[in-house]
Amino acid sequence: MSLIMAIAHPWHWQIRALGQGPDYYFWATFRPDEADPLAALVAQHRPPDFLHHLAARPPHQTTRYAQYVDRRTHEKLQAQAKGEDIRVWLAATIEVCDHSLCVSNLLGGGDYGETPLLIKLAQTSELTWQHWRVSYGGDGYTGGDVAQGDDADSLLTYLDAANSADSKS
């Protein structure tokens, strides 16, 4: 059985277990010369319910930038662009900013299926992980990190730890 099939929990399992939030973040950096393969792999392997958000503006002096949002958020953002007064409270995003990756779930919106993407990125030989971390926080909320590492193996170990925790209960 492949690791993708074995991991049944979302990447933010430990934040939920600790009762933290309300927003969940996964941050990762890769070698600076790997911005192109990172962008290509995320575009190819993003969850099927994530759409490219063309209205997103790249941060200042960013060479490579792409943002993907879950389908419901995309629909709300499109309505906002047309002038409708719609609030976006729950949202999931995947952002590639040069050689960095950020996955976020605002207000702990649920499992949007990003974990297989993270596993795919960890299992490819095209990327060299420099650092990753799982964090929580939000506007006006104290934040913190629940897990971090410096390579793909440590990420896979963290993701698999949720299954180990389940088997002990």
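Before reading on, note that the structure itself is shown above.
Here the residue numbering is sequential within each chain, running from 1 through the sequence in written order. Residue-level local features of this predicted model are given only where pLDDT is at least 70; pairs of side-chain atoms are given and counted only at 80 or more, and the full residue set underlies all totals for whole chains, interfaces and linings. Excluded from the side-chain calculations are hydrogens and water; all other atoms, namely the structure's heavy atoms, are used.

Pairing between strands requires that DSSP locate at least two bridges from one strand to the other. Note on conventions: DSSP H or I runs of at least 4 residues are helices, E runs of at least 2 residues are strands, and numbering of each starts at the N terminus. Across six bridges, the pairing between strand E6 (residues 129–138) and strand E7 (residues 141–149) is antiparallel. Opposite Gly138, over in E7, you have Tyr141 as the bridge partner. What sits between the antiparallel neighbours E6 and E7 is a turn of two residues, in which Gly140 has the positive phi angle 80°.

What follows deals with helix H4 (residues 71–81). Classification of residues uses two cut-offs on accessible area relative to the type maximum, computed with a 1.4 Å probe and protein chains only: under 20% is buried, over 50% is exposed, and between them is partly exposed. Residues Thr73, His74, Leu77 and Ala79 constitute the buried set of H4. Next to the buried residues of H4 lie strand E2 (50–52), strand E3 (65–70) and strand E4 (91–97). Residue Gly83 follows H4 closely and has a positive phi angle near 95°. What makes two residues a contact is simply this: any of their non-hydrogen atoms within 4.5 Å.

Turning our attention to the sheet that holds E7. If you walk across this open sheet you meet the seven strands as E2-E3-E4-E5-E1-E6-E7, and the pairing is antiparallel. Looking at strand neighbours, the two that pair on one side only are E2 and E7, the edges of this open sheet. On average, adjacent strands in this sheet sit at an angle of 20° to one another, irrespective of strand direction. Here E4 pairs with strand E5 (residues 100–106) via seven bridges, running antiparallel. Among the inter-strand pairings, Cys97 is bridged to a residue of E5, identified as Ser100. To obtain an axis, a line is fitted to C-alpha atoms, over the contacting stretch when the element is a helix, and the angle between two such axes runs from 0 to 180 degrees between their N-to-C directions.

A few words on a nonpolar patch on the surface. Patches here are clusters of residues that have more than 30% relative accessible area and form no salt bridge, with a 9 Å joining cutoff for like charges and a 5 Å cutoff for nonpolar side chains (Val, Leu, Ile, Met, Phe, Trp, Tyr). Per-residue accessibility takes into account occlusion by the displayed protein chains alone, with areas from the Shrake-Rupley method and a 1.4 Å probe. Definition used for salt bridges: Asp or Glu carboxyl oxygen within 4 Å of a side-chain nitrogen of Lys or Arg. A cluster of nonpolar side chains, Trp89, Leu90 and Leu107, forms an exposed patch at the surface whose accessible area comes to about 330 Å². Taking the relative accessible area as the measure of exposure, Leu90 reaches 44% and is therefore partly exposed.

With that out of the way, let us pick up the nonpolar core. If you look at the biggest cluster of nonpolar residues, it comprises 38 residues, and the most contacted ones within it are Phe26, Leu101 and Trp129. With six residues, helix H6 (residues 152–168) is the single largest residue contributor to this core. Among the buried residues, those of types Ala, Val, Leu, Ile, Met, Phe, Trp, Tyr and Cys that are joined through side-chain atoms within 4.5 Å form a nonpolar core.

Okay, the packing of helix H3 (residues 35–45) against helix H5 (residues 115–123) next. In the contact formed by H3 and H5, the axes pass within 10 Å of each other and the chain directions differ by 140°. Looking at the two axes, H3 sits oblique to H5. Considering only the axes of H3 and H5, their crossing is right-handed. For the pair formed by H3 and H5, the contact residues are Leu38, Leu41, Val42 and His45 on the first element and Leu117, Lys120 and Leu121 on the second. Each residue receives one of three labels: charged for Asp, Glu, Lys and Arg, nonpolar for Ala, Val, Leu, Ile, Met, Phe, Trp, Tyr, Cys and Pro, and polar for the others, Gly being one of them. Its residues assigned to classes, the contact of H3 with H5 comprises five nonpolar, one polar and one charged. Roughly parallel here means an angle under 35 degrees, roughly antiparallel means over 145, roughly perpendicular means 65 to 115, and every remaining angle is called oblique. Crossing handedness is defined as follows: a turn of the near helix away from the far one that is anticlockwise and smaller than a right angle gives a left-handed crossing, while the clockwise case is right-handed.

Turning our attention to the environment of Gly138. Along the polypeptide, Gly138 turns up in strand E6. Here the alpha-carbon distance between Gly138 and Tyr25, two residues 113 residues apart in the chain, equals 9.7 Å. For Gly138, the residues in contact, after removing those within four places along its chain, are Pro22, Asp23 and Tyr25.

Bringing the pairing of E4 into the picture now. Along E4, five of the seven residues are buried, which leaves the element largely enclosed by surrounding structure. Bridge analysis of E3 against E4 gives five bridges, and the strand direction is antiparallel. Within E4, the residue paired with Ala66 across the bridge is Val96. If you look at the hairpin formed by E4 and E5, you'll find two residues sitting between the two strands, and Asp98 has a positive phi there, around 55°.

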